[in-house]
Amino acid sequence: MKMEIKWQIIPQKFYNRDPSIVARELLGKLLIRIINSRMLGGMIVETEAYYGVDDPASRAYKGRKGKISGIMYEEGGVALIYMVHGNWLFNIITGPKGHPSGVLIRAIEPLIGIKYMLENRGIKDINQLTNGPGKLCKALNITGALNRVKVYSERSPIRVYMYRDINDKYIGRSHRIGVREDLPEPLRFFIKNNRFVSR
DNA sequence: TGTGTGATAGTCT
DNA sequence: GACTATCACACAT
């Protein structure tokens, strides 16, 4: 596949907003990962918003401090990657500096470098390639070494580009997955009828 | 230095 | 649907 269009990278200020708005608008955007000048990536189809201090599911809950939650206090557009249950989770920080919040990327639809992503996962089934947060990190070879990468920079190994605008009628929302104490609002956003959305 | 804790994935039934 | 392997981090000694 040849890419004739000139891609437009998403500016930093996009991320300096409320996490639920960023989570909603991140759907349909293109997530790109550069490895050894090779390009992998796909369209974001599922996200979840996390509110730092006020969110029982957040690692910054009640002002917890450490390497992980410390990054949540950074400015929007910074990558936060951490390990849970033996899997890496990829988040993008939102809101202005000093306001801990973020968006978890839960699933993408693989579009670019599918062959290499399958290799990274050691599988052959595209349907199982990136339909979960831990899976997509492994497919894209995202690890803790990429923490604090700026996803709005043309030089970064991880970037997010404009791709499609998704109409509201194609967007579903629900409570978050795997969270013990959830907030009342539905903070999980996904594209309806997309087969790469996790169950 | 040690222990408890999950925002999971994979496998088996 | 239920069970568990697995591991960096946070917090307590």
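Position labels on residues start from 1 in each chain and follow its written sequence. Both sets of labels track the order of writing: A upward for chains, 1 upward for ligands. Residues qualify for local features only when their pLDDT is at least 70, as the model is predicted, and side-chain atom pairs are given and counted only at 80 or more; totals for whole chains, interfaces and linings, by contrast, use all residues. Where side-chain values are given, they derive from all heavy atoms of the structure, hydrogens and water being excluded.

1. Things to note about unusual backbone geometry
Applied cut-off: The buried label goes to any residue with under 20% of its type's maximum accessible area, the exposed label to any with over 50%, and the partly exposed label to all in between, with areas taken from a 1.4 Å probe on protein chains only.
Positive phi outside glycine occurs at His85, with the angle close to 55 degrees. Among the residues examined, His85 registers a relative accessible area of 76% and is labelled exposed.

2. With respect to the protein's contact with DNA strand B
Going by this rule: Residues are classed as near a molecule or strand on a simple rule: at least one heavy atom within 4 Å of it. Here a polar contact is taken to be a pair of N or O atoms separated by no more than 3.5 Å, where protein atoms must pair a possible hydrogen donor with a possible acceptor and residues adjacent in sequence count only if both atoms sit in side chains. The way it works is that DSSP assigns letters per residue, a run of H or I at least four long becomes a helix, a run of E at least two long becomes a strand, and they are numbered from the N terminus. Note that Gly is not counted as nonpolar here; it falls among the polar residues with everything else outside the nonpolar set of Ala, Val, Leu, Ile, Met, Phe, Trp, Tyr, Cys and Pro and the charged set of Asp, Glu, Lys and Arg.
Around DNA strand B, 17 residues are found, and the nearest of them are Tyr82, His85, Asn91, Arg121 and Gly178. Pro133 places a main-chain nitrogen or oxygen 3.4 Å from a phosphate oxygen of DNA strand B. Here Lys135 contributes a backbone N or O atom positioned 3.0 Å from a phosphate oxygen of DNA strand B. Within the residue set of the surface near DNA strand B, elements represented by two or more residues are strand S3 (79-84), strand S4 (87-93) and helix H4 (133-139). The residue makeup of the surface near DNA strand B, split by class, is 8 nonpolar, 6 polar and 3 charged.

3. A short note on the pattern of salt bridges
Heads up, the condition is: Definition used for salt bridges: Asp or Glu carboxyl oxygen within 4 Å of a side-chain nitrogen of Lys or Arg.
Tallied over the entire structure, the rule returns 6 salt bridges. For Glu46, the salt bridge goes to Arg106, with nearest N and O atoms at 3.0 Å. In this pair, Glu46 sits in strand S2 (residues 38-51) while Arg106 sits in strand S5 (residues 101-112), placing the two residues 60 residues apart along the sequence. Exposure remark for Arg106: the relative accessible area of 8% places this residue in the buried category. The partner of Arg148 in a salt bridge is Glu74, and the shortest N-O contact between them spans 2.8 Å. Residue Arg148 is found in the loop between H4 and strand S6 (158-161), and its partner Glu74 is found in the loop between helix H2 (67-72) and S3; the two are separated by 74 residues along the sequence. Its relative accessible area of 42% is what places Arg148 among the partly exposed residues. Connected via shared salt-bridge partners are Glu46, Glu48, Arg106 and Arg188.

4. Considering the packing of aromatic side chains
We apply this condition: Only Phe, Tyr and Trp rings take part, Trp by its six-membered ring, and two of them pair if their centres are within 6.5 Å. Stacked means planes under 30 degrees apart, edge-to-face means over 60, and tilted covers everything else. A ring is considered to have a charge above it if a Lys NZ or an Arg CZ atom is located within 6 Å of its centre and within 35 degrees of its normal.
If you walk through the whole model with that rule in mind, you get 2 aromatic pairs. A ring pair is formed by Phe14 and Tyr15, whose centres lie 5.1 Å apart and whose planes are at 80 degrees; its orientation type is edge-to-face. For Phe14, a relative accessible area of 9% puts it in the buried group. One cation-aromatic arrangement involves Arg164 over Tyr163; the distance from NZ or CZ to the ring centre is 5.9 Å.

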